[in-house]
Amino acid sequence: MQSSDAGATPCGRPLLLPAIFFAAFAGCVSDVQVGTDPSFAKAKREFLLGNSAETKKLLAASSAASDPDDQDFPEARLMQGFILLKEGDAAGAKRALEAALEASDEPQIQAQALFGIGRALAHDERYAEAEQRFAELARRFPGGVREDERLWQVALCRTRRGDFEGAGKALAELKRAFPTSPRAAEGGAVARAGVSGQGAF
C-alpha cells in the first residue's frame, strides 16, 4: 500500500490520506460477529486492502451502512467516511463520520471518526472548527495512535489561519514527542503549504 492516496477535490487540490488511515483502522475493526452480513465482512477486508471501489460496492449491497440498528452500522459509516475523504467529498465524509461517532461507544471508532471529521472540516477551510475537533480528540483520547498526525494537522490549520506562533508550538510538540515520525521532518512544508494553500488536507 502506498503511503498516501490522492483524489480530486471540489476545490481543485488533492486530498491526501496517509496509510495510517487504513493501518490504524485495522485496530478498531472487530472480528466478524455472529450474524454479520457476508457483504459487510467482505467490505471490511477490501477496505483494509485499500480497494475503495470494491468496498463501496459491497457496502451498497449490505444493510450495515443504512440501518442504524445494524450491529455493524458504526464501522460501515466509518469506512464510508474515509472513502469519501479519499474521493474529496468532505461534506459527505463529515456526515458519515458523524453518524459513526454518534452510533458507536467504542473508543477506537470514536477516535477515528473525530480525526476524520477534523480532516473534513479543514478541507472545507473551516480551520477553527477543525482545530476544535482535533482538540476534542486529544482530550478524549490522549496519546492516540495518530497523535503525530493530529499535531501536524493542527499546525497546518493554524498556519492557514495566519497563527504562525501557534503553528510553531504544535510543530515543536510534534518534534519533541515524535522525533522519528515522518511528520516531524515536514515542519517547513507546513509553513509553505499554509501560505500557498496547497496543504494535504
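Everything quoted here is computed from the prediction, not taken from an experiment.

*Asks:* Just checking my understanding: could you explain the packing of helix H3 (residues 52-60) against helix H4 (residues 73-87) for this structure?
*Replies:* Two quantities define a packed helix pair, namely the angle between the axes and the distance from one axis to the other. Direction vectors running N to C along H3 and H4 enclose 140°, while the axes themselves pass 11 Å from each other. Judged on the interaxial angle alone, H4 and H3 are oblique. Like other packed secondary-structure pairs, H3 and H4 cross with a definite hand, here left-handed. In this structure, H3 contributes Ser52, Thr55, Lys56 and Leu59 to the contact, and H4 contributes Ala76, Met79, Gln80, Ile83, Lys86 and Glu87. Residue composition of the contact of H3 with H4, grouped by class: four nonpolar, three polar and three charged.

*Asks:* How should the environment of Phe73 be read in this particular structure?
*Replies:* For Phe73, the location among the structural elements is in helix H4. Here the alpha-carbon distance between Phe73 and Ala103, two residues 30 residues apart in the chain, equals 7.5 Å.

*Asks:* Hey, could you run me through the packing of aromatic side chains in this one?
*Replies:* Given two aromatic rings, their pairing is described by the distance between the two centres and the angle made by the two planes. This model, assessed by the stated rule, comprises two aromatic pairs. Look at Phe115 and Phe134: their rings are 5.8 Å apart centre to centre, the planes differ by 55°, and that puts the pair in the tilted class. Note that Phe115 is positioned in helix H6 (residues 107-123) and Phe134 in helix H7 (residues 127-140), a separation of 19 residues in sequence. Owing to a relative accessible area of 0%, Phe134 belongs among the buried residues under this scheme. If you follow Arg146 out to its NZ or CZ, it ends over the ring of Phe115, 4.2 Å from the centre.

*Asks:* So what exactly am I meant to see when it comes to helix H5 (residues 90-103) here?
*Replies:* Every α-helical turn comprises 3.6 residues, leaving residues that sit three or four positions apart pointing alike. With 14 residues, H5 should cover 20 Å at 1.5 Å per step; its first-to-last C-alpha distance of 20 Å lies within 8% of that length. For H5, the full list of buried residues reads Ala90, Gly92, Ala93, Lys94, Ala96, Leu97, Ala99, Ala100 and Leu101. Those residues of H5 that are buried are in contact with H4, H6 and H7.

*Asks:* Just checking my understanding: could you explain the pattern of salt bridges for this structure?
*Replies:* Two side chains carrying opposite charge are able to pair once their charged atoms lie near each other. If you walk through the whole model with that rule in mind, you get 15 salt bridges. Across the pair Arg158 and Glu131 runs a salt bridge whose closest N-O atoms are separated by 3.1 Å. Of this pair, Arg158 sits in helix H8 (residues 147-160) while Glu131 is found in helix H7, placing the two residues 27 residues apart along the sequence. What makes Glu131 buried here is its relative accessible area of 13%. Ionic pairing is found between Arg133 and Glu136, a salt bridge with its closest N-O pair at 3.2 Å.

*Asks:* Please explain the packing of H5 against H6 as it appears in this structure.
*Replies:* Axis separation between H5 and H6 bottoms out at 9 Å; the angle between their running directions is 155°. Judged on the interaxial angle alone, H6 and H5 are roughly antiparallel. Considering only the axes of H5 and H6, their crossing is left-handed. Contact with H5, carried on its side by Ala90, Lys94, Leu97, Glu98, Ala100 and Leu101, involves Ile109, Gln110, Ala113, Leu114, Gly116, Ile117, Ala120, Leu121 and His123 of H6 and no other residues of that element. Residue classes in the contact of H5 with H6 are distributed as 10 nonpolar, three polar and two charged.

Definitions and cut-offs
Residues numbered from 1 in each chain as written. Predicted model: local features only at pLDDT ≥ 70, side-chain atom pairs only at ≥ 80, totals over all residues. Heavy atoms only, no water. Axes fitted to C-alpha atoms, helices over the stretch in contact; angles between N-to-C directions. Helix = DSSP H or I, 4+ residues; strand = E, 2+ residues; numbered from the N terminus. Parallel < 35°, antiparallel > 145°, perpendicular 65-115°, else oblique. Left-handed = near helix turned anticlockwise from the far one by under 90°. Contact = heavy atoms within 4.5 Å. Nonpolar A, V, L, I, M, F, W, Y, C, P; charged D, E, K, R; others polar. Phe/Tyr/Trp six-rings, centres within 6.5 Å; stacked < 30°, edge-to-face > 60°. Buried < 20%, exposed > 50% of the residue type's maximum accessible area, 1.4 Å probe, protein only. Lys NZ or Arg CZ within 6 Å of the ring centre and 35° of its normal. Expected span 1.5 Å × (residues − 1). Salt bridge = Lys/Arg side-chain N within 4 Å of Asp/Glu carboxyl O.

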